[in-house]
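Summary of the model geometry
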Amino acid sequence: MRCSAISLVLAAFIGVAQAIPQSQGESSKPPPPPPPEPVQVIELPLPPVSDSTTGACTLKINAKGTGCINRPLGTFHAGGFTPDDKHVVVNVQYVGAPPAPDPASIYNGEHLILVKTDGTKFGNGDPWKCLSCGVPAENARSVQQDKSYPHVFRNGRKAIWGLNILECGGANLESESCKPENTYIYPLYWPNTVDGAGPGGVPRELRVHPDDNHLGFSSFTNFNGQLGQIAYLGLLKFNPIPVSGDTRDPRYDIVDVDVLFDPKGKGIISADGTKLIINNEAINVGELRGFSGTGDEVTCIGGSVEANNMDVFAVHLKTGAVRRLTSHPEYVDPVAFSADNKWIVVMDTRGSNRLMWAAAMRGIPPLADMVTAAATAASRNNLQRRFFQPILLDGFGDRDPYYGQRLNPHDDKPESIGDPNWNGRADPAFSYDGTKIVYWQALVVSPSCGGGNPLPCPASTAQGGREYRLMLATLSSRKAQKVPKVFDIGKGVPWAVRYRPGDALPRREGLKTGEYTLKGQVSGSAEVSITAAPTGAILHVAATYVNFNSDGKHTINGYENITNIPDPQNRYKTELIWFSDLVGTGASTSTKKSTEGGFKLNIELMVNNFQATGKLISTVDGVSYEPPANGT
Ligand SMILES: *[C@@H]1O[C@H](CO)[C@@H](O)[C@H](O)[C@H]1NC(C)=O
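Within an unreviewed UniProt entry, the label attached to the chain reads Saponin hydrolase, and the organism entered is Aaosphaeria arxii CBS 175.79.

Pasting the structure below:
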């Protein structure tokens, strides 16, 4: 299977008790799904909120004078646990520090803090501790602005904080001996020129491998005229005296980088003459999401196995074996494994019906995705609003009819943990002992509600009207698990391409304009017509299905044609003209139909403002799903 480089999917802006998921092949049959289990969810404390005007954070709001944080979401980001499972790491924005007695308060701007998860307090009486506040300027040179996806290394002595690494002279971060004076913040630097000169590459979606030495990350690239992402695995190396590159302060270099691209593979969809071939085993890592608990697999968002149905996948770092972790028609993106690989938690739109109009009908091969991937990915959000909720799955992932357990069951009461107006963000994380999950949410705010939107803006129920919250789910029937040995990456990823700074990225030939036939694995076929631009970008896909069946469960008949009109000024923007008239029989009875004149969708990735004329309606066993109303 695949982790698609064609689909450009942006996160920022995926049994039997003793069975362990095997990533070595399809031979291991998944055990029966686990029964639902008891979950208790609480909100974890954060520093008090104040207005962001100077002096607004009075001693009345925080008597200890240890700062106040921002009410709006801003750049808030929560990460994972310290190895003792008693703290989680969070990036907050401090605001409104008191002007007296110290005009240069250390509680200003973005900072990395630890929050206690066990109800206890740090020595100063706060349930949180700022790790980066008050660090002397000489210990924090060339700090990079990106402070996203904080994560504490398994050794407990380092944290990654966006494009920076924070450590305190070998002390555990939560210990009282980790003080501002012995804390250092180093920038990351990814050499990407032959002589090591320049500002370096900009890695995105950085995730630390469980071995504490490797980093996975992604970058944008151009695949055959279409925006895509490619992923990398590199080694962290401290460089105390850099002699090249724009950053000459002590830094962490990312070296020995592998491009997670299989040069021998033909990709997800390839052609042999006029025969189209869909290879569900193809390695195709696009946006990296992280690693399995032991680090033997890399996780990523995939191109679809089924039309318009985006999923997360795991690819084995040694064998290249690929596992589809999710298959629910809804959209998934953030994913985290338990340390023992036995469980995953995903942030998924399932239950919200956000994307069922596009993906509810099962068993359609992913031909449409050649032109629709960006638009359906963009449709998952309404502006800044996500529709994610945390879903617990065993390590084998979705397998119909098992689609996991929502940690915070739906509940419309505004103060509830299951209020749909509070939406999950990236990343969730397991405690090392496997008994707890930390996740975080943001409240829907204007203009994703209020004004012309039928959803009135809810008042925040969080402290001080805070528009985000940090949540701890306890899996109360579980016993603490041992943390197994971490996978040894050795000299690198055998199926990948070693990157030498300055190298061009590997490429793969795209499909050419032409008429093709796709045979169903079980029965029937599809006649497929593809139009590609001179750049290689796919502009039009049409398919006529006759008794097409590739999964043994669904038989597809009918036709679909989709035209993509790229915006020459804006690579994130798509305009689709979409005609569908499909009928499915077998495991379910379904249709996918566009309304008269077709369904026309205009949407821009990163902006996520859904604007369409006409409709595309998917109906499964009598239940119909329509696209969201414009702007909602
Ligand atoms: C797509 O199908 C519609 C409906 O049958 C048809 O009117 C239109 O011409 C087709 N478009 C293309 C580009 O083939």
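**Quick notes on the overall build of the chain**
Across its full length, the chain holds 2 helices and 39 strands. Taking 632 residues into account, the globule formula puts the C-alpha radius of gyration at 26 Å, and the chain, at 24 Å, falls close to it. Projected onto the principal axes, the alpha-carbon positions of the chain cover approximately 75 × 55 × 55 Å. Evaluated residue by residue, the chain yields a buried proportion of 59% over its 632 residues. As displayed, the chain has an accessible area near 24300 Å², and 54% of this comes from carbon and sulfur atoms. Distance between charge centroids for the chain: 2 Å, based on 59 positive and 62 negative side chains.

**Observations concerning the sheet that holds strand β19 (residues 309–316)**
Pairing is antiparallel in the open sheet, where 4 strands are placed in the order β17-β18-β19-β20. Each edge of the open sheet is held by one strand with a lone partner, namely β17 (288–291) and β20 (322–324). Between one strand axis and the next, the sheet turns by 40° as a mean value, whatever way the strands run. The pairing of β19 with β20 spans 3 bridges and is classified as antiparallel. Each bridged residue has a counterpart across the sheet, and for valine 315 the counterpart in β20 is valine 322. Here helix α2 (residues 369–378) sits on the sheet and contacts β18 (297–306) and β19; the angle it forms with β19, its principal contact strand, is near 100°.

**Description of the site of the ligand**
Every residue lining the ligand is accounted for by His540, Tyr559, Asn561 and Phe579. A distance of 2.8 Å separates an oxygen atom of the ligand from a polar side-chain atom of tyrosine 559. In the environment of the ligand, an oxygen atom lies 2.2 Å from a nitrogen or oxygen atom belonging to the side chain of asparagine 561. The fraction of the free accessible surface of the ligand (360 Å²) that becomes covered by protein chains is 44%. Among the residues making up the shell around the ligand, the classes are represented as 2 nonpolar, 2 polar and no charged.

**Quick notes on the pairing of strand β32 (residues 538–549)**
Of the strand pairs in this sheet, strand β31 (residues 523–532) and β32 are connected by 9 bridges, and their pairing is antiparallel. Note on β32: the bridge partner recorded for serine 529 is alanine 542. Where β31 hands over to β32, the hairpin turn is made up of 5 residues, of which glycine 536 adopts a positive phi near 105°. With 7 bridges connecting them, β32 and strand β33 (residues 554–567) associate as antiparallel partners. Its bridge partner being in β33, alanine 542 is matched across the sheet by asparagine 561. Hairpin geometry of β32 and β33 is characterised by an intervening segment of 4 residues between the two adjacent antiparallel strands and by a positive phi of about 75° at glycine 552.

**Quick word on the domain arrangement of the chain**
Each assigned domain of the chain is listed here: domain 1 (9–352 + 387–498) and domain 2 (514–625). Spacing between the C-alpha centres of domain 1 and domain 2 amounts to 33 Å. Opposite the 14 residues of domain 1 that make contact, domain 2 presents 17 residues. For the pairing of domain 1 and domain 2, the buried interface totals around 1400 Å² over both sides, and the portion due to carbon and sulfur atoms is 64%. Applying the counting criterion to the domain 1 and domain 2 interface returns 0 salt bridges.

**Overview of the state of the cysteines**
Under the criterion given, the structure shown has 4 disulfides. A sulfur-sulfur separation of 2.0 Å characterises the disulfide bridge that pairs cysteine 449 with cysteine 457. On the sign convention where negative is left-handed, the bridge of cysteine 449 and cysteine 457, at about 100° about the S-S bond, is right-handed.

**Quick word on the confidence of the model for the chain**
In regions of low pLDDT, the predicted coordinates are not meant to be interpreted in detail. When pLDDT is averaged across the chain, the result is 93; 95% of the residues are at 70 or more. Below a pLDDT of 50 lies the segment residues 4–18, which in the model reaches 71 contacts outside its immediate sequence neighbourhood of four places, other chains included.

**Observations concerning the packing of aromatic side chains**
Applying the stated criterion across every chain, the model contains 19 aromatic pairs. Ring geometry for tyrosine 184 and tyrosine 186: centres 6.0 Å apart, planes at 10°, overall stacked. Overall, the relative accessible area of 12% leaves tyrosine 186 in the buried class. By way of ring pairs, the aromatic residues Tyr184, Tyr186, Phe238 and Tyr252 are connected into one cluster. Taking the ring centre of tyrosine 149 as reference, the NZ or CZ of arginine 207 above it sits at 3.9 Å. Across from the ring centre of tyrosine 468, 5.7 Å away, lies the NZ or CZ of arginine 466, which sits over that ring.

**Structural notes on the environment of histidine 77**
On the secondary structure map, histidine 77 appears in strand β3 (residues 77–81). Judged by its relative accessible area of 14%, histidine 77 falls in the buried class. The spacing of histidine 77 and glutamate 596 is 519 residues in sequence and 44 Å in space, taken between C-alpha atoms. With residues up to four places along the chain from it excluded, the contact list for histidine 77 reads Val90, Asn91, Ser148, Tyr149, Pro150, Ala426 and Trp440.

**Concerning the nonpolar core**
Counting 72 residues, the largest nonpolar core has Leu276, Trp357, Leu367, Val528 and Tyr545 as the members making the most contacts within it. The element that contributes the greatest number of residues to this core is α2, accounting for 6 residues. Lining this core are residues from two domains, each supplying at least three of them: domain 1 (9–352 + 387–498) and domain 2 (514–625). Residues Val49, Tyr94, Cys133 and Ala429 belong to the second largest nonpolar core, which totals 27 residues.

**Examining the sheet that holds strand β23 (residues 389–394)**
Spatial strand order, β21-β22-β23-β24: 4 strands in an open sheet with antiparallel pairing. Of all strands in the sheet, those with a lone pairing partner are β21 (332–337) and β24 (405–406), marking the two edges. Strand direction decides the pairing type here: strand β22 (residues 343–348) and β23, joined by 6 bridges, are antiparallel. Within β23, the position partnered with isoleucine 344 by the bridge is leucine 393.

What counts and what doesn't
Each chain has its residues counted from 1, following the order in which its sequence is written. In keeping with the predicted nature of the model, local features appear solely for residues at pLDDT of at least 70, side-chain atom pairs appear and are counted solely at 80 or more, and the whole-chain, interface and lining totals rest on all residues. Values shown for side chains rest on all heavy atoms present in the structure; no hydrogens or waters enter the calculation. Runs of H or I in DSSP of at least four residues are treated as helices and runs of E of at least two as strands, each being numbered from the N terminus. Atoms considered for the radius of gyration are the C-alpha atoms alone. The globule rule reads 2.2 Å times the number of residues to the power 0.38. Residue burial is assigned from relative accessible area. The probe radius is 1.4 Å, only protein chains are included, and a residue is buried under 20% of its type maximum, exposed over 50%, and partly exposed in between. For every accessible area listed, the method is Shrake-Rupley and the probe measures 1.4 Å; residues are considered covered only by the protein chains on display. A positive count includes Lys and Arg, and a negative count includes Asp and Glu. His and the chain ends are not counted in either. Each charge is placed at NZ for Lys, CZ for Arg, CG for Asp and CD for Glu. Strands were regarded as paired on the criterion that DSSP finds at least two bridges between them. Axis angles are defined between N-to-C directions and span 0 to 180 degrees, where every axis is a line fitted to C-alpha atoms and, for a helix, only to the segment in contact. When checking whether two residues touch, look at their non-hydrogen atoms; a contact exists if any pair is within 4.5 Å. Proximity criterion: a residue is near a molecule or strand once any of its heavy atoms comes within 4 Å of it. Throughout this description, a polar contact denotes any pair of N or O atoms lying within 3.5 Å of each other; where both atoms belong to protein, one of them has to be capable of donating a hydrogen while the other can accept it, and for residues adjacent in sequence the pair is counted only when both atoms sit in side chains. The nonpolar class holds Ala, Val, Leu, Ile, Met, Phe, Trp, Tyr, Cys and Pro. Asp, Glu, Lys and Arg form the charged class, and all remaining residues, Gly among them, are polar. Domain segmentation is taken from an automatic or database assignment of domains. Summed over both partners, the accessible area (1.4 Å probe) lost when two parts come together is defined as the buried area. What makes a salt bridge here is a side-chain nitrogen of Lys or Arg within 4 Å of a carboxyl oxygen of Asp or Glu, nothing more. Cysteine sulfur pairs qualify as disulfides if the two atoms are within 2.5 Å. Residue-level confidence of the predictor, termed pLDDT, takes values from 0 up to 100. Stacked, edge-to-face and tilted labels apply to pairs of Phe, Tyr and Trp rings (six-membered ring for Trp) whose centres lie within 6.5 Å, assigned for plane angles under 30 degrees, over 60, and everything in between, in that order. Only when the NZ atom of a Lys or the CZ atom of an Arg is both within 6 Å of the ring centre and within 35 degrees of the ring normal do we say a charge sits over the ring. Take the buried residues of types Ala, Val, Leu, Ile, Met, Phe, Trp, Tyr and Cys, join any two whose side-chain atoms come within 4.5 Å, and each joined set is a nonpolar core.

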